[in-house]
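# Structural overview for review
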Amino acid sequence: IPGGRAHEIFTECLYDIDAALQFLQGRGVIEVCLQGHSSGANKVVFYQYHRKSRNVRALILLSPNDDIGLQEHARGDRFEDVLEIARALVKARRGHELMPEGPSYPISANSYLDYFGPESSADIFPYRDPQAKFEEVSTLRCCLLVLFAGRGEYLLGNLDETLDLLRSKAIASPRVDVGIIDGA
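What counts and how
Residues numbered from 1 in each chain as written. Predicted model: local features only at pLDDT ≥ 70, side-chain atom pairs only at ≥ 80, totals over all residues. Heavy atoms only, no water. Pairing = 2+ DSSP bridges. Helix = DSSP H or I, 4+ residues; strand = E, 2+ residues; numbered from the N terminus. Axes fitted to C-alpha atoms, helices over the stretch in contact; angles between N-to-C directions. Contact = heavy atoms within 4.5 Å. Expected span 1.5 Å × (residues − 1). Parallel < 35°, antiparallel > 145°, perpendicular 65-115°, else oblique.

Here we come to the sheet that holds strand S2 (residues 56–62). Two modes of strand pairing occur in sheets, parallel and antiparallel, and in both the strands are linked by backbone hydrogen bonds. Reading across the sheet, the 4 strands line up as S1-S2-S3-S4 and stay open at both edges, with parallel pairing between neighbours. Each edge of the open sheet is held by one strand with a lone partner, namely strand S1 (32–37) and strand S4 (176–181). Within this sheet the neighbouring strands show an average axis-to-axis angle of 15°, counted without direction. Packed onto the sheet, helix H2 (residues 39–51) meets S1 and S2 and runs at close to 140° relative to S1.

Right, here's the structure in full:
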């Protein structure tokens, strides 16, 4: 179905990143650093968590956000209602249809549930719950560079506390550098 991200299923990012790495390996590039911005940061962490590629030497995470927390905040009391709309569309075999409300970008009911539902594989950075395990981040055995913009409109909570939390969860990484880009 044409439409790009509107119909994306998060776990399928594994195939995209596999293809990119195979392309590079075919050209002699063996060791790589994967970089992801926003939801792309979720994807590169998810990839390395599942593939555990020895060729991936480091991850650069730019504005790795709590997408579910942001959606809950944006929808407020309506968050569960919006999830129910998505469930109803999927149940009626209309999951390919775009959500009547949701994020600021077009997204199908299938994709909305995939990204924001309770079983979401995309929930890599659950900052909304500091007690969360951060399962994927905590098992990464490669170096991490995490950067946020100094004026982050897509961050819930205090930026310094978020960086401290993320650093504390990356217990298996040999090196974790975090930073804020002032003025960005």
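Anyway, onward from the coordinates.
A word on helix H4 (residues 79–91). An ideal rise of 1.5 Å per residue puts 18 Å on 13 residues; H4 measures up with 18 Å between its terminal C-alpha atoms. Looking one or two residues beyond H4, the residue adopting positive phi is Arg-93, at roughly 60°.

Before going further, it helps to spend a moment on the packing of helix H3 (residues 67–75) against helix H5 (residues 109–116). Relative to each other, H3 and H5 sit at 115°, their axes nearing to 9 Å. As the angle between them shows, H3 and H5 are arranged roughly perpendicular. Judged by residue contacts, Asp-67, Ile-68, Gln-71 and Arg-75 of H3 engage Tyr-112, Tyr-115 and Phe-116 from H5.

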